[in-house]
Amino acid sequence: SRGFYVGRFQPYHNGHQSVLERIACFADEIVIGVGSAQISHTVTNPFTAGERVLMLTRSLEDLDCPFYVIPIEDIQRNALWAAHVRAMTPPFDRVYSSNPLVIQLFTEAGITVQSPDMHERPIYSGTAIRQRMLDGEPWEHLVPPAVVDVIREIHGVERLQRIAKSD
Ligand code: ATP
Ligand code: MG
């Protein structure tokens, strides 16, 4: 079977990595959707879709399951979102998600949804990691080493700190 997993990955972190490593054990292939693909350079969405694709593909280099990373732009109509995702991705027969809206929309679309257990959710959270970056606190231990490299390369922390300032 081919599974689907979606997130914004702002940034991609160890919680996501742990879920994907678990999914890899029971899916033949994994389709990973990079959500809100059109948004970047904001305090809640600092990284571009391309930067997030880089974080994912490099971190998952050793995954023993073929995967595809597909950017997916938002549509402002939840009722059509599952079909929009379907149109942008290789066919999948199962969704892995703990997000209530994602679960609801795919269930209504007739697709089987499985909810993986959270991996130390308060620590491994995009919001918490972005806050640490803003505060100048250590965050590197919360993401795969490849993500540290990508964020260094693009000067991601400096970007986030600059766009958080008021004029
Ligand atoms: P943000 O705080 O920016 O929303 P996030 O950590 O929730 O970031 P998302 O990109 O929104 O990350 O999440 C993608 C998916 O990964 C969501 O379905 C979310 O439930 C799941 N997820 C996030 N953190 C963890 C975790 N620590 N363990 C397992 N799943 C997680
Ligand atoms: Mg989230």
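All values derive from a computational prediction rather than experimental measurement. (Residues numbered from 1 in each chain as written. Chains lettered and ligands numbered in written order. Predicted model: local features only at pLDDT ≥ 70, side-chain atom pairs only at ≥ 80, totals over all residues. Heavy atoms only, no water.)

**As for the confidence of the model for the protein chain**
Moving on, step 1. Per-residue confidence for the protein chain averages 96 on the pLDDT scale, and 100% of its residues sit at or above 70.
Moving on, step 2. Both scores are given for the predicted complex: the pTM is 0.96, the ipTM 0.97. (pLDDT = per-residue confidence, 0-100.)

**Considering the sheet that holds strand β4 (residues 94-96)**
Moving on, step 1. One open sheet accounts for five strands, arranged β3-β2-β1-β4-β5; its pairing is parallel. Because the sheet does not close on itself, it has two edges, and the strands there are β3 (67-71) and β5 (112-114). Geometrically, the sheet is characterised by an average inter-axis angle of 25 degrees between neighbouring strands, direction not taken into account.
Moving on, step 2. Where helix α4 (residues 100-108) meets the sheet, it contacts β1 (2-7), β4 and β5, and its direction lies at approximately 155 degrees from that of β5. (Pairing = 2+ DSSP bridges. Helix = DSSP H or I, 4+ residues; strand = E, 2+ residues; numbered from the N terminus. Axes fitted to C-alpha atoms, helices over the stretch in contact; angles between N-to-C directions. Contact = heavy atoms within 4.5 Å.)

**Topic: the environment of A79**
Moving on, step 1. Relative to the helices and strands, A79 resides in the loop between β3 and α3 (81-88).
Moving on, step 2. Overall, the relative accessible area of 74% leaves A79 in the exposed class.
Moving on, step 3. Taking C-alpha positions, A79 is 7.2 Å from L105, a pair spaced 26 residues apart along the chain. (Buried < 20%, exposed > 50% of the residue type's maximum accessible area, 1.4 Å probe, protein only.)

**A short note on the packing of α3 against α4**
Moving on, step 1. Orientation of α3 relative to α4, taken along the N-to-C sense of each, is 80 degrees, at an axis distance of 8 Å. The orientation of α3 relative to α4 falls into the category roughly perpendicular. When α3 is examined against α4, the residues W81, A82 and V85 are found in contact with a partner set consisting of V102, L105 and F106.
Moving on, step 2. Across the contact of α3 with α4, the residue classes tally to six nonpolar, no polar and no charged. (Parallel < 35°, antiparallel > 145°, perpendicular 65-115°, else oblique. Nonpolar A, V, L, I, M, F, W, Y, C, P; charged D, E, K, R; others polar.)

**Thoughts on the layout of surface pockets**
Moving on, step 1. Quantified by volume, the largest pocket comes out at close to 840 Å³.
Moving on, step 2. Around the largest pocket, the lining comprises 36 residues; the ones closest to its centre are V6, G7, R8, H16 and N99.
Moving on, step 3. Within the residue set of the lining of the largest pocket, elements represented by two or more residues are β1, α1 (14-26), α4 and α5 (126-135).
Moving on, step 4. Looking at the lining of the largest pocket residue by residue, the class counts come to 15 nonpolar, 15 polar and six charged. (1 Å grid on protein atoms, 1.4 Å probe; cavity = no way out; pocket = protein on both sides within 12 Å on 5 of 7 lines; lining within 4 Å. Points joined across faces, edges and corners; volume = space filled by probe spheres on them.)

**Some thoughts on the site of ligand 1**
Moving on, step 1. Near ligand 1, the surroundings consist of 19 residues, among which R8, H119, R121, G126 and T127 are the closest.
Moving on, step 2. Within the side chain of R121, one N or O atom sits 2.7 Å away from a nitrogen atom of ligand 1.
Moving on, step 3. A total of 590 Å² of accessible area belongs to ligand 1 in isolation, and the protein chains cover 89% of it.
Moving on, step 4. Among the elements of the structure, β1, α1 and α5 are those that each provide at least two residues to the shell around ligand 1.
Moving on, step 5. Here the shell around ligand 1 is built from residues that sort into six nonpolar, ten polar and three charged. (Near = heavy atom within 4 Å. Polar contact = N/O pair within 3.5 Å; in protein donor to acceptor, adjacent residues only side chain to side chain. Areas by Shrake-Rupley, 256 points an atom, 1.4 Å probe, with all protein chains shown as cover.)

**Remarks on the packing of aromatic side chains**
Moving on, step 1. Overall, the coordinates contain seven aromatic pairs when judged by the stated rule.
Moving on, step 2. Ring geometry for F92 against F106: centres 5.9 Å apart, planes inclined by 80 degrees, an arrangement best described as edge-to-face. Remark: F106 occurs in helix α4 and F92 occurs in the loop between α3 and β4; sequence separation between them is 14 residues.
Moving on, step 3. Accessibility expressed as a relative area gives 4% for F92, which makes it buried.
Moving on, step 4. Put simply, the rings of F4, W81, F92 and F106 touch in pairs and so form one group of aromatic residues. (Phe/Tyr/Trp six-rings, centres within 6.5 Å; stacked < 30°, edge-to-face > 60°.)

**Looking at the pattern of salt bridges**
Moving on, step 1. All told, the structure shown has three salt bridges when counted by the stated rule.
Moving on, step 2. Of the charged contacts, one joins R159 and E51 as a salt bridge, the two residues approaching to 2.8 Å between their closest N and O atoms. You can see R159 sitting in helix α7 (residues 156-163) and its partner E51 sitting in helix α2 (residues 49-59), a full 108 residues away along the chain.
Moving on, step 3. Exposure remark for R159: the relative accessible area of 13% places this residue in the buried category.
Moving on, step 4. A salt bridge links R58 to E153; the shortest N-O distance between them is 3.9 Å. You can see R58 sitting in helix α2 and its partner E153 sitting in helix α6 (residues 145-153), a full 95 residues away along the chain. (Salt bridge = Lys/Arg side-chain N within 4 Å of Asp/Glu carboxyl O.)

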